[in-house]
Amino acid sequence: MKAAVFRKPYSTMEIEDWDTPVPGAREVLIKVAACGVCHTDLHFIDHGVPPLTEPPVILGHEITGTVETVGEAVDSVKKGQRVLVPVVIPCGECTFCQCGKTNLCRERTIPGNKIHGGYAEYVKVPVSGALPLPDEVPLETGAVLADAFGTSFHAIVDVGKIQKGETLLVFGAGGLGTAAIQIAKHAGARVIALDMNPLKLQWAEEMGADETVNSHGIRDLGAHVRDLTDGGVDVAYEAIGAPRTIYQAFTCLGPEGRLIVAGYTRNEVKFPEPNLIFEERSIFGVLGCPVSSYYTLFEHVVAGDYDIEALATKRMPLEEIEKALTSVRSGQTLRTILTPWQD
């Protein structure tokens with residue numbers, strides 16, 4: 001099979017010929033229909049963050065496809081079935097899995113990180129990593145449900161518990177942020193989107209944001225947002241992953257405000273403790289999406305509540321992996337979708 005392989009940081013990814021994986025017991029081989037190119041992969045490529053497995057490794061964690069073959073003891077999916085691979089694949093047996101918090105699985109598997117991912121023609125995953133996808137959900141654009149929509153749905157609905165009439169501030173109007181806008185608007189919230197990229201702010205408006213803020217040149221962002229919202233927002237969703245923006249998002253909260261952090265950073269983040277105590281603010285981190293929430297998310301998509309097509313702003317063949325990564329770096333796309341079998 002052909003695969004885009006990550007061998008070391010600060011270098012280009014090459015298309016290589018690899019042996020097609022053979023599924024073992026309780027494993028599934030998936031023919032990849034689409035894989036979204038997420039900014040997270042740039043942490044490995046551009047920033048030197050080591051993946052959980054020693055390179056060479058095939059990256060890519062927003063995966064949809066069809067079941068090609070199954071190993072022994074697999075009866076939950078069959079050949080030809082359309083599936084989505086969750087960004088966090090659970091073991092199904094640990095304490096967290098047993099109570100439904102599968103994204104916090106103690107033995108979790110992360111495609112494109114701990115195991116080979118979807119920048120390839122085929123991917124092999126544990127059977128718990130093959131979630132049946134409704135026929136009404138297109139395979140190509142359905143890839144954005146794995147992370148961009150999945151993580152944001154878990155963040156805004158499960159963790160943030162956004163309510164009708166509340167205000168959500170989205171920090172970073174990329175794939176995660178614009179998915180969050182749609183999710184919060186459907187829940188009846190007022191949404192403010194913040195970014196420094198005019199194109200992304202335009203996309204945020206198209207996704208339904210009530211207001212947008214270009215943060216370039218604003219000296220005290222917290223004061224600006226608190227003035228805009230008469231005291232601060234109910235929920236702030238940080239989808240960038242920088243200590244400065246995580247701190248700024250916290251300063252935009254009002255009393256009982258909830259900060260939800262989805263953006264990743266290895267650096268220390270500091271918060272003003274008096275606000276945490278005297279205004280009873282809360283800080284939450286989110287990792288992926290529980291399996292049960294994926295199925296609820298699928299129902300919303302089938303019902304037409306969310307427009308997943310709008311996030312898939314570019315589609316490219318696997319051979320154009322470097323061009324796809326450049327589009328992410330430049331901020332000229334929400335999600336670039338790689339299609340390994342494109343003619």
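Everything quoted here is computed from the prediction, not taken from an experiment.

**Q** Tell me what's going on with the overall build of the protein chain, and back it up with residues and numbers.
**A** Of the regular secondary structure elements, the protein chain holds 11 helices and 16 strands. A compact globule built from 343 residues should have a C-alpha radius of gyration of about 20 Å, and the protein chain, at 20 Å, falls within 12% of that. C-alpha atoms of the protein chain, sized along the principal axes, occupy 60 × 40 × 35 Å. For the protein chain, long-range pairs separated by at least 24 residues make up 69% of all intrachain contacts whose partners lie at least 6 apart in sequence. For the protein chain, the exposed surface amounts to about 14700 Å²; the carbon and sulfur share of it is 49%.

**Q** I'd love a proper account of the side chain of N113, names of residues and values included.
**A** Positionally, N113 belongs in the loop between α2 (95-98) and β7 (122-126). Judged by its relative accessible area of 14%, N113 falls in the buried class. Of the polar contacts made by the side chain of N113, one reaches the backbone nitrogen of L52; its length is 2.6 Å. Those residues in contact with N113 that sit more than four places away from it in its chain are F44, P51, L52, T53 and V57.

**Q** With reference to specific residues and values, describe the nonpolar core.
**A** The biggest cluster of nonpolar side chains holds 53 residues, and the ones touching the most others in it are L84, L145, F149, I156, L168, I181 and Y237. Only α4 (148-159), β9 (167-171), α5 (175-186), β10 (190-195), α6 (198-207), β12 (233-238) and α10 (291-302) provide two or more residues apiece to this core. Here L145 is in contact with L84, V137, G150, Y294, L297, F298, V301 and I308, once residues within four sequence places are set aside. If you look at the next biggest cluster of nonpolar residues, it comprises 41 residues, including V28, V83, Y122 and A130.

**Q** Give me the packing of α4 against α10: which residues, what numbers.
**A** Closest axis-to-axis distance for the α4/α10 pair is 10 Å, and the angle between their directions is 100°. Taken as axis vectors, α4 and α10 run roughly perpendicular relative to one another. Residues F149, G150, F153 and D158 of α4 form the contact with α10, whose participating residues are S293, Y294, T296, L297 and H300. Partitioning the contact of α4 with α10 into residue classes produces four nonpolar, four polar and one charged.

Rules behind the numbers
Residues numbered from 1 in each chain as written. Predicted model: local features only at pLDDT ≥ 70, side-chain atom pairs only at ≥ 80, totals over all residues. Heavy atoms only, no water. Helix = DSSP H or I, 4+ residues; strand = E, 2+ residues; numbered from the N terminus. Rg over C-alpha atoms; globule rule 2.2 N^0.38 Å. Contact = heavy atoms within 4.5 Å. Areas by Shrake-Rupley, 256 points an atom, 1.4 Å probe, with all protein chains shown as cover. Buried < 20%, exposed > 50% of the residue type's maximum accessible area, 1.4 Å probe, protein only. Polar contact = N/O pair within 3.5 Å; in protein donor to acceptor, adjacent residues only side chain to side chain. Core = buried A, V, L, I, M, F, W, Y, C linked by side-chain atoms within 4.5 Å. Axes fitted to C-alpha atoms, helices over the stretch in contact; angles between N-to-C directions. Parallel < 35°, antiparallel > 145°, perpendicular 65-115°, else oblique. Nonpolar A, V, L, I, M, F, W, Y, C, P; charged D, E, K, R; others polar.

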